[in-house]
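Structure at a glance
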Amino acid sequence: MSIWEYANPKKFITTTERVIPALWVASAICIVVGLIWGFFFTGDEVRQGATVKIIYLHVPSAMLAINIWVMMLATSLVWLIRRHHVSALAARAAAPVGMVMTLIALVTGAIWGQPTWGTWWVWDPRLTSFLILFLFYLGYMALWEAIEDADTAADLTSFLCLVGSVFALLSRYAVNFWNQGLHQGASIMRTAAVTGTDTEEKVNNIYFYPLMLCIVGFVLLFLALLFYRTGTEIRSRRIKALLARERVMA
């Protein structure tokens, strides 16, 4: 079985319709259990107190905000190279989800930053690149809506996705590129490390396990939304094609 079989719209819809219900259930279980575990069954952090618990929303949404754009980049490249309509429609379907995840990350980051840094917003490299990524999501969606011809829209949005990928990478690695700003570097998957006189530690296991459960839940939720919305986009494209054919025959 080849992955290119799912470039066939009918094959894609019939396959994803079988897994979408399981994805809805699994994502709901993971998110609900992870949030209840994290908010009510973990203690306050020594320095940040109860505000650290916003990590269960901030980190999963921020991770998805970046990786959804990377997924859109991959499917856009497939469209540009192989001209598979399902890949272009999958990128279009993913964009609103990525936009919402980016917005959640920005809002929760501001809420977390106010008591931690003493300010709602700073022009930190990572925060700024994240804001620009959010604007790219909006621009991508607007470009799809502004162009009537679907293939032309897919071409132009694919090129926009290539440009926006720079800011997706900056959002992920800005802390490594610039030694400035308030936002810390990655702290989930690394072991404790000593840098100069400062000790950077990974997330404590008390918070790590419910956080991982929330991340898995958010990923499963994205897959469910992606499959559902892509199927909707395929059907919408088919309806428009049938209506156009009827107008020509009339």
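Residues numbered from 1 in each chain as written. Predicted model: local features only at pLDDT ≥ 70, side-chain atom pairs only at ≥ 80, totals over all residues. Heavy atoms only, no water.

**Section: the overall build of the protein**
Quick reminder of the rule: Secondary structure counts use DSSP, requiring at least four H or I residues in a row for a helix and at least two E residues in a row for a strand, with both numbered from the N terminus. The cut-offs for exposure are 20% and 50% of the maximum accessible area for each residue type, with area from a 1.4 Å probe on protein chains only; residues under the lower value are buried, those over the upper are exposed, and the others partly exposed. Note on contacts: a residue pair qualifies if any of its non-hydrogen atoms lie within 4.5 Å across the two residues.
If you tally the helices and strands in the protein, you get six helices and two strands. Beginning at the N terminus, the succession of helices and strands in the protein can be written as α-α-α-α-α-β-β-α. Burial analysis of the protein (250 residues in total) assigns 41% to the buried set. In the protein, once contacts between residues fewer than 6 apart in sequence are set aside, the share between residues at least 24 apart is 74%.

**Points about the UniProt feature "transmembrane region" (unreviewed entry) in the protein**
For clarity, the cut-off: UniProt positions are given in the numbering used here, feature names are shortened, and annotations may be inferred rather than shown by experiment.
As annotated by UniProt and renumbered to match this structure, "transmembrane region" (unreviewed entry) occupies residues 21-42, 54-81, 93-113, 125-144, 156-175 and 206-228. Spanning residues 21-42, this segment combines 91% helix with 0% strand, and its end C-alpha atoms are found 31 Å apart. In residues 206-228, helix accounts for 100% and strand for 0%; the two terminal C-alpha atoms are 34 Å from one another.

**Brief notes about the nonpolar core**
What counts, and what does not: Residues grouped as a nonpolar core are buried Ala, Val, Leu, Ile, Met, Phe, Trp, Tyr and Cys residues, joined through side-chain atoms within 4.5 Å.
Counting 47 residues, the largest nonpolar core has Ile-68, Trp-69, Met-72, Tyr-140 and Phe-222 as the members making the most contacts within it. Those elements that provide at least two residues to this core are helix H1 (9-40), helix H2 (55-82), helix H3 (85-117), helix H4 (125-146), helix H5 (150-177) and helix H6 (205-249). In contact with Phe-222, other than residues within four places in its own chain, are Leu-64, Ile-68, Met-71, Ala-94 and Val-97. In terms of nonpolar packing, the next biggest core, distinct from the first, is built from five residues, Ile-13, Val-86, Leu-89 and Ile-234 among them.

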